[in-house]
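Reading the structure
Each chain, letter by letter, is given below.
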Amino acid sequence: MQKDIDSKLNAKNIKPTAMRQLVLQVLTKQSTAISLPELENKFEKADKATLYRTLKTFEKNKLIHSIDDGTGSIKYALCKDSCECHPDDLHVHFLCTHCNQTYCLNDISVPNINLPSSFSLESVNMVVKGICSVCSK
Ligand SMILES: [Zn+2]
Ligand SMILES: [Zn+2]
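Criteria and cut-off values
- Residues numbered from 1 in each chain as written.
- Chains lettered and ligands numbered in written order.
- Predicted model: local features only at pLDDT ≥ 70, side-chain atom pairs only at ≥ 80, totals over all residues.
- Heavy atoms only, no water.
- Donors = N, O, S within 2.8 Å, 3.2 Å for Na, K, Ca; no water.
- Tetrahedral: all angles 85-135°; square planar, octahedral: opposite > 155°, others 65-115°.
- Helix = DSSP H or I, 4+ residues; strand = E, 2+ residues; numbered from the N terminus.
- Buried < 20%, exposed > 50% of the residue type's maximum accessible area, 1.4 Å probe, protein only.
- Phe/Tyr/Trp six-rings, centres within 6.5 Å; stacked < 30°, edge-to-face > 60°.
- Core = buried A, V, L, I, M, F, W, Y, C linked by side-chain atoms within 4.5 Å.
- Contact = heavy atoms within 4.5 Å.

**Regarding the coordination of the zinc ion (ligand 1)**
Bound to the zinc ion (ligand 1) are the protein donor atoms Cys96 (SG), Cys99 (SG), Cys132 (SG) and Cys135 (SG), situated 2.2 to 2.3 Å from the metal. Classification of the site at the zinc ion (ligand 1) as tetrahedral follows from its 4 donor atoms and the range of 102 to 119° in their angles at the metal. Read from N- to C-terminus, the donor residues coordinating the zinc ion (ligand 1) fall into the pattern C-x2-C-x32-C-x2-C. Of the two residues, Cys96 sits in strand 4 (residues 91–96) while Cys132 sits in the segment after strand 6 (127–130), which places them 36 residues apart along the sequence. Taking the relative accessible area as the measure of exposure, Cys132 reaches 3% and is therefore buried.

Pasting the structure below:
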């Protein structure tokens, strides 16, 4: 387990530190995206600035991506191993209106957007809303 964590960090050129290992462990266990306040709740001692910096490092090195699902808090989720965070890699996100959890729908890529010529695409933020499988049970 610890080995997996370290090799994931190394694969993205992130030097393993105790804090980074712990944060990645939490993210790996998540089935949904997590916001900074939610992450903070899982750590009793770590301060918010350190957690924020850790997330930013992960994001910069494409280990995680951030999601603006319109709820007002940015959420973070692990990228697939092969992810380069290009527009081509982007997938649809699902916001459950019942539990407020955001899911990565990794198998559903965002549709091709044909922009007018002279407009260039940088990113697409596609959030689909509805009731998730946990809440619809
Ligand atoms: Zn739900
Ligand atoms: Zn995602």
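**Overview of the packing of aromatic side chains**
Throughout the structure, instances matching the rule amount to 1 aromatic pair. Taking 6.5 Å as the distance between ring centres and 65° as the angle between the ring planes, the aromatic pair formed by Phe94 and Tyr103 counts as edge-to-face. Pair check on accessibility: Phe94 and Tyr103 agree, each one buried.

**Thoughts on the environment of Gln25**
Secondary-structure assignment places Gln25 in helix 2 (residues 18–29). Under the relative-accessibility criterion, Gln25 is labelled buried at 19%. C-alpha of Gln25 to C-alpha of Asp4: the two residues are 21 residues apart in sequence and 9.7 Å apart in space.

**Description of the coordination of the zinc ion (ligand 2)**
Taken together, the protein donors to the zinc ion (ligand 2) comprise His65 (NE2), His91 (NE2), His93 (NE2) and Cys104 (SG), at separations of 1.9 to 2.2 Å. What the 4 donor atoms of the zinc ion (ligand 2) show is an angle range of 101 to 114° at the metal, which sorts the shape as tetrahedral. Between consecutive donors of the zinc ion (ligand 2), the numbers of intervening residues give the motif H-x25-H-x1-H-x10-C. Of this pair, His93 sits in strand 4 while Cys104 sits in strand 5 (residues 102–109), placing them 11 residues apart in sequence. Residue classification places His93 among the buried residues on the basis of a relative accessible area of 6%.

**What about the nonpolar core?**
Counting residues in each nonpolar core, the largest one holds 18 residues, and the members touching the most others are Val23, Leu39 and Phe58. Only helix 1 (2–11), helix 2, helix 3 (36–42) and helix 4 (48–60) provide two or more residues apiece to this core. The leading source of residues in this core is helix 2, at 5 residues. Filtering out sequence-adjacent residues up to four positions away, Val23 remains in contact with Leu39, Phe43, Leu51, Thr54, Leu55 and Phe58.

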